[in-house]
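# Reading the structure
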2 protein chains.
Amino acid sequence: MPAPQEFIKYIDDKADAFIQRLSDAVAIPSVSSDASRRQDVIKMANWLSEQLQAVGVTTQLTDLGKQQIEGQELPLPPVILGKIGNDKNKKTILVYGHFDVQPAFKSDGWDTDPFTLVNDKATGRLIGRGASDDKGPVLGWVNVLQWHHENKKELPVNLRCCFEGMEESGSEGLDDLVARESKPGGWFDGVDAVCISDNYWLNTRTPALTYGLRGLSYYRVTVSGPARDLHSGVFGRTVYEPMTDLIYIMSKLVDNRGHILIPGVEDQVGIADEEEKKIYQALDYSIQDVEESAGAPIALSSDKVEVLMGRMRNPSLSLHGIEGAFSGVGAKTVIPAKVSGKFSIRLVPPQTPESVDPFVISYIEELFKGLNSKSKLEVESLHGGKPWVADHNHWNYEAAKRATWSTYNRLPDLTREGGSIPVTLTFADCLGVNVVLLPMGRGDDGAHSTNEKIDRFNFIEGTKLLGSYLYEVAV
Amino acid sequence: MPAPQEFIKYIDDKADAFIQRLSDAVAIPSVSSDASRRQDVIKMANWLSEQLQAVGVTTQLTDLGKQQIEGQELPLPPVILGKIGNDKNKKTILVYGHFDVQPAFKSDGWDTDPFTLVNDKATGRLIGRGASDDKGPVLGWVNVLQWHHENKKELPVNLRCCFEGMEESGSEGLDDLVARESKPGGWFDGVDAVCISDNYWLNTRTPALTYGLRGLSYYRVTVSGPARDLHSGVFGRTVYEPMTDLIYIMSKLVDNRGHILIPGVEDQVGIADEEEKKIYQALDYSIQDVEESAGAPIALSSDKVEVLMGRMRNPSLSLHGIEGAFSGVGAKTVIPAKVSGKFSIRLVPPQTPESVDPFVISYIEELFKGLNSKSKLEVESLHGGKPWVADHNHWNYEAAKRATWSTYNRLPDLTREGGSIPVTLTFADCLGVNVVLLPMGRGDDGAHSTNEKIDRFNFIEGTKLLGSYLYEVAV
Ligand SMILES: [Zn+2]
Ligand SMILES: [Zn+2]
Ligand SMILES: [Zn+2]
Ligand SMILES: [Zn+2]
């Protein structure tokens with residue numbers, strides 16, 4: 001069912017108050033990766049918990065223990081668990097967000113102080129660290145609940161919240177908590193579907209639902225020879241040089257059109273049929289959009305479907321760099337003794353790090369054997385995460401589509417993201433239910449970048465979207 | 001003619017005084033690359049000039065002007081020009097050395113204070129920064145002259161000296177001075193041959209004469225694409241990645257046996273005939289020596305002649321590293337926007353940077369063209385220096401061979417070095433005369449390294465060698 005008209009009107013009427021609350025949130029520099037800011041992350045947890053309680057949410061601050069960071073022991077910020085309703089006749093929806101942010105310094109190139117929200121009336125932008133990632137969306141949920149609480153309206157669903165303070169630092173401690181609370185009697189027991197608002201539209205125009213994320217498998221290939229770095233004058237052409245072997249191996253992993261040259265890896269993924277291609281054709285995203293965001297005319301193809309499938313539904317391999325070689329400016333004539341090439345593969349279903357690793361490792365070992373080198377080789381899989389794809393015809397998605405239609409008067413782009421949001425997989429795996437990614441912000445919000453913003457339009461209409469979603473999913 | 005017996009005996013008798021003088025020299029930390037040590041380099045110049053005057057040399061401290069270093073203007077240390085004799089019936093010999101040293105801190109891993117000469121009686125080593133590079137050899141000449149001065153013996157040759165204080169920092173200002181003083185009426189006018197004692201035996205056993213040095217041509221290949229670094233999740237397989245193209249290019253430059261794959265480059269160099277190979281076969285240097293100094297069993301061949309020719313008479317290409325790519329520890333999922341591969345080619349006659357550059361640049365441009373990439377390529381030759389080979393049958397070398405025989409009772413190894421000593425070329429070019437490199441120290445002296453030493457044996461016998469050379473070359 002659609003959200004009540006009074007709700008929609010209330011959100012418009014209260015817009016300035018909502019922006020003030022966002023401003024209060026941005027003012028707390030809850031940078032999770034900075035040890036000196038840890039107390040601010042904890043302060044942010046307490047502030048948010050109070051906001052939730054003020055709109056009728058039962059909250060629990062869950063301690064996650066300690067963390068070792070930069071040589072000191074620090075308390076992890078608590079996770080906020082929230083609850084409204086326990087009606088057996090209603091669906092139970094879990095919403096996730098995070099209240100920690102990326103680091104930001106004025107000196108990084110911000111035009112204004114990152115932790116003072118600037119309400120730029122000329123552009124309609126609300127500028128500040130966390131405005132879009134992810135304080136805006138989290139406060140969107142609070143905005144929705146405020147109308148219900150002030151007007152004593154029952155929610156159409158049972159609501160569960162999970163708001164964490166370590167998302168930008170690997171969500172330390174969250175997996176265990178989700179697994180624990182997903183069990184019978186746990187905080188998430190009985191959850192029917194999950195909604196996460198922590199990503200972005202493809203562009204600046206069209207709302208989106210995201211139903212897939214790529215996984216990752218990160219590799220380090222180390223070739224070592226001499227006991228120490230050597231002088232190329234004295235040793236050039238007398239010994240096997242590790243760089244020569246490493247560069248050879250790295251040159252055999254991917255071609256410059258993005259085809260992965262490791263046998264078996266591409267074969268794991270099915271070919272897109274015409275039906276699937278139509279999804280990409282339908283997206284409001286052009287080659288020009290890709291090239292604008294890359295800042296140069298360097299798209300791999302002039303075929304939009306091919307480029308979008310390259311990002312969303314095909315695996316990719318990128319060469320990141322070399323550790324141990326000369327990387328400074330200038331001209332050093334060194335033969336590096338030990339060099340480690342770094343590369344990673346973005347995975348799509350049914351690939352997993354475990355299924356890809358053997359192909360990668362044995363291929364590189366064979367390549368190296370063929371070199372007949374006297375250097376030594378080590379291939380390591382450093383870390384990885386599975387890809388995720390949800391059924392975008394599930395009622396959870398249908399609800400999000402209807403909510404998008406009623407809010408924006410258009411259908412959302414159905415997107416898959418090239419990167420990963422690991423917590424998505426944690427919820428999908430632990431709860432065994434459908435997860436929808438329902439973004440609030442636009443593709444140019446600059447999360448993790450300087451001058452992060454959320455448009456006032458997206459913050460206010462996005463609040464309506466989240467509220468409408470709760471009504472549409474309730475049916 | 002052989003050196004007088006009284007001279008030989010005098011050197012043995014005065015050994016402890018000579019070592020004391022070396023100790024005084026080492027105590028002045030004349031580090032030319034360290035702005036805060038510049039006054040010590042100048043102090044060293046004055047000290048050495050006084051030592052030379054005390055043994056009868058007419059000296060002139062030549063001002064080289066100023067230098068910009070670390071944002072400040074510093075006076076360059078003066079070059080010491082020295083002169084004894086102007087007899088038209090004698091040959092005129094120019095000797096070169098340097099009185100500046102490499103940086104050294106106890107914390108680098110020295111067992112003792114680098115600027116306090118340690119006379120280790122147990123091992124016979126004189127340990128301290130500059131002991132072997134190049135204060136020991138420079139004082140060797142002073143020792144020789146001391147006998148002549150104290151005993152009012154005329155030198156068998158006219159002597160010219162050139163001792164500089166910026167060798168470890170690119171010999172700034174020296175080329176111009178040598179060119180100027182080589183002209184008619186200049187300090188070096190009339191020089192018949194040059195002797196430089198500033199390198200090392202191949203090993204710890206056999207004296208050496210060095211008649212060749214490799215040159216160098218250093219390249220930077222830059223591939224650039226996006227306007228900024230990109231996230232591999234979002235952009236992997238949607239755009240041309242500069243690293244993929246750069247790694248491909250770098251993989252096509254050299255194979256892991258050291259063969260240079262750039263057409264034309266190897267062809268410039270003639271093949272060694274049996275005569276030439278015999279020189280390398282005769283050297284007192286084994287595969288084991290190469291692998292011991294590299295610290296691992298990684299020699300390119302089990303054929304000693306092949307390995308030594310790889311170092312001494314063939315060009316080599318080494319890949320040094322990449323600027324702009326991820327080079328830290330850990331796992332960063334970046335697509336670097338602009339990456340610069342660094343490599344260099346060691347050159348041998350008749351190669352010059354100018355003759356090699358066109359092959360290198362056009363080959364890389366062709367390779368890149370074949371990639372049909374949308375990235376941009378730039379190939380730059382950063383700097384270079386010509387190789388040098390002298391006629392080792394010249395009377396200058398014959399004199400050095402006889403001096404070696406009379407001092408050590410064996411013939412020297414006839415070596416070519418893989419690295420470069422640019423001043424050699426400066427003298428050879430400006431004066432148009434034969435230059436001999438007549439090393440005093442051993443291959444394990446650790447010049448530029450921690451615990452630099454010269455063996456007492458080499459310092460004392462080396463002094464006799466330098467003296468004997470002046471007599472043998474006089475004939
Ligand atoms: Zn986020
Ligand atoms: Zn984020
Ligand atoms: Zn030197
Ligand atoms: Zn040196």
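Residues numbered from 1 in each chain as written. Chains lettered and ligands numbered in written order. Predicted model: local features only at pLDDT ≥ 70, side-chain atom pairs only at ≥ 80, totals over all residues. Heavy atoms only, no water.

## Some words on the coordination of the zinc ion (ligand 3)
All names here are of chain B. Worth spelling out the cut-off: Because no water is among the atoms considered, metal sites can look incomplete, with donors defined as N, O and S atoms within 2.8 Å of the metal, or 3.2 Å for Na, K and Ca. Counting from the N terminus, the helices are DSSP H or I runs at least four residues long and the strands are E runs at least two residues long. Note on exposure labels: buried denotes an accessible area under 20% of the residue type's maximum, exposed denotes more than 50%, and partly exposed covers the range between, all computed with a 1.4 Å probe on protein chains only.
In this structure, His98 (NE2), Asp133 (OD), Asp198 (OD) and Asp198 (OD) serve as the protein donors to the zinc ion (ligand 3), at separations of 2.0 to 2.7 Å. Motif for the zinc ion (ligand 3), donor spacing along one chain: H-x34-D-x64-D. Here the zinc ion (ligand 4) and the zinc ion (ligand 3) are spaced 3.2 Å from one another, each receiving a donor from aspartate 133. With aspartate 133 in the loop between strand 7 (125-127) and helix 4 (135-150) and aspartate 198 in the loop between strand 9 (193-196) and strand 10 (208-213), the pair connects residues that are 65 residues apart, well separated along the chain. Like aspartate 133, the residue aspartate 198 is buried in the burial classification.

## A short note on the coordination of the zinc ion (ligand 1)
Residues and elements named next belong to chain A. The condition is simple: Only four donors with every angle between 85 and 135 degrees are called tetrahedral; only four or six donors with opposite donors over 155 degrees apart and all others between 65 and 115 are called square planar or octahedral, in that order; all others are irregular.
Bound to the zinc ion (ligand 1) are the protein donor atoms His98 (NE2), Asp133 (OD), Asp198 (OD) and Asp198 (OD), situated 2.0 to 2.7 Å from the metal. Geometry at the zinc ion (ligand 1) is irregular, judged from its four donor atoms and the angles of 52 to 145° they form at the metal. Here the donor residues for the zinc ion (ligand 1) map to a single chain with the spacing H-x34-D-x64-D. Between the zinc ion (ligand 1) and the zinc ion (ligand 2), the interatomic distance is 3.1 Å, and aspartate 133 donates to each metal, bridging them. Looking at aspartate 198, the relative accessible area reads 8%, which means it is buried.

## Looking at the relation of the copies chain B and chain A
Test applied: Alignment of copies: least-squares fit on C-alpha atoms of residues with pLDDT of at least 70 in both copies. By the convention used here, residues are in contact when the closest approach between their heavy atoms is within 4.5 Å.
Laying chain B over chain A is done by rotating through 180° and shifting 0.2 Å along the axis; what remains is an RMSD of 0.2 Å. On the angle and the small slide along the axis, the relation comes out as a two-fold axis. Most of the interface of chain B is mirrored in chain A, where 99% of its interface residues again form contacts.

## Here we look at the sheet that holds strand 6 (residues 118-120) of chain A
Residue and element names in this part refer to chain A. This is how the line gets drawn: What makes two strands pair is DSSP finding at least two bridges between them. Axis angles are defined between N-to-C directions and span 0 to 180 degrees, where every axis is a line fitted to C-alpha atoms and, for a helix, only to the segment in contact.
In space, the three strands of this open sheet follow the order 6-7-20, with antiparallel pairing throughout. Since the sheet does not close on itself, it has two edges, and those belong to strand 6 and strand 20 (453-455), each with one partner. Ignoring strand direction, the axes of neighbouring strands in this sheet form an average angle of 20°. Sheet topology note: the strand 7 (residues 125-127)/strand 20 ladder contains three bridges and is antiparallel. Residue pairing for strand 20: isoleucine 127 is matched across the bridge by lysine 453. Packed on one face of the sheet, helix 14 (residues 456-474) meets strand 7 and strand 20 and runs near 65° to strand 20.

## Quick word on the environment of B:Leu347
All names here are of chain B. Position of leucine 347 among the secondary structure elements: in strand 15 (residues 338-347). Taking the C-alpha atoms as reference points, leucine 347 and valine 265, 82 residues apart in sequence, are found 9.4 Å from one another. Discounting residues that sit within four places of it in the chain, leucine 347 has contacts with Arg214, Gly215, Leu216, Ser217, Thr352, Pro353, Val356, Gly385 and Pro387.

## A few points about the environment of B:Val356
Residues and elements named next belong to chain B. In this structure, valine 356 sits in helix 11 (residues 353-371). Once the C-alpha coordinates of valine 356 and isoleucine 84 are considered, the two residues, 272 residues apart in sequence, prove to be 43 Å apart. Residues contacting valine 356, with those up to four places away along its chain left out, are Tyr219, Val265, Gln268, Ile345, Leu347 and Gln351.

## Observations regarding unusual backbone geometry
Across the junction of A:Pro349 and A:Pro350, the peptide omega takes the value 5°, indicating a cis bond. Its place among the elements puts A:Pro350 in the loop between strand 15 (338-347) and helix 11 (353-371). Of note, the amide linkage connecting B:Asp133 to B:Asp134 takes the cis form, showing an omega dihedral of 15°. Relative to the helices and strands, B:Asp134 is located in the loop between strand 7 and helix 4. Backbone geometry at B:Asn451 places phi at a positive 55°, although glycine is not the residue there. The exposure class of B:Asn451 is partly exposed, given its relative accessible area of 23%.

## Overview of the pairing of strand 3 (residues 72-75) of chain A
All names here are of chain A. Sheet analysis places strand 2 (residues 66-69) next to strand 3, joined by four bridges and oriented antiparallel. Along strand 3, the bridge assignment pairs isoleucine 69 with glutamine 72. The antiparallel pairing of strand 2 with strand 3 creates a hairpin that spans two residues between the two strands, and glutamate 70 there sits at a positive phi of about 45°.

## Brief notes about the UniProt feature "active site" (unreviewed entry) in chain A
Residues and elements named next belong to chain A. For the record, the criterion: UniProt positions are given in the numbering used here, feature names are shortened, and annotations may be inferred rather than shown by experiment.
Within this numbering scheme, the UniProt entry marks Asp100 and Glu167 as carrying the feature "active site" (unreviewed entry). A maximum C-alpha distance of 6.7 Å places the annotated residues, which cover 68 residues in sequence, within one compact spot. Following the sequence through the fold, aspartate 100 ends up in the loop between strand 5 (92-98) and strand 6. Beyond its immediate stretch of four places on either side in the chain, aspartate 100 contacts Ser30, Ser32, Val41, Asp133, Glu164, Gly165, Met166, Glu167, Glu168 and Ser169.

## Let's talk about the interface of chain B and chain A
Formally: Put simply, buried area is the surface a 1.4 Å probe can reach on two separate parts but cannot reach once they are joined, added for both. By convention in these notes, a salt bridge is any Lys or Arg side-chain nitrogen within 4 Å of a carboxyl oxygen on Asp or Glu. Under this definition, polar contacts are N or O atom pairs within 3.5 Å; protein pairs additionally need one hydrogen-donor-capable and one acceptor-capable atom, and for neighbouring residues in sequence, both atoms have to be side-chain atoms. In this classification, Asp, Glu, Lys and Arg are treated as charged, Ala, Val, Leu, Ile, Met, Phe, Trp, Tyr, Cys and Pro as nonpolar, and every other residue, Gly included, as polar.
Counting residues at the interface gives 80 residues for chain B, matched by 79 residues for chain A. Taken as a group, B:Arg237, B:Asn256 and B:Ile298 account for 13% of the area that chain B buries against chain A, more than any other trio of residues on that side. Where chain B packs against chain A, one counts two salt bridges. At the boundary of chain B and chain A, one finds 49 residue pairs in polar contact (both at pLDDT 80 or more). Considering each element in turn, the side of chain B that touches chain A owes the most residues, eight residues, to strand 13 (residues 316-323) of chain B. Taken together, the residues of the side of chain B that touches chain A sort by class into 36 nonpolar, 29 polar and 15 charged.

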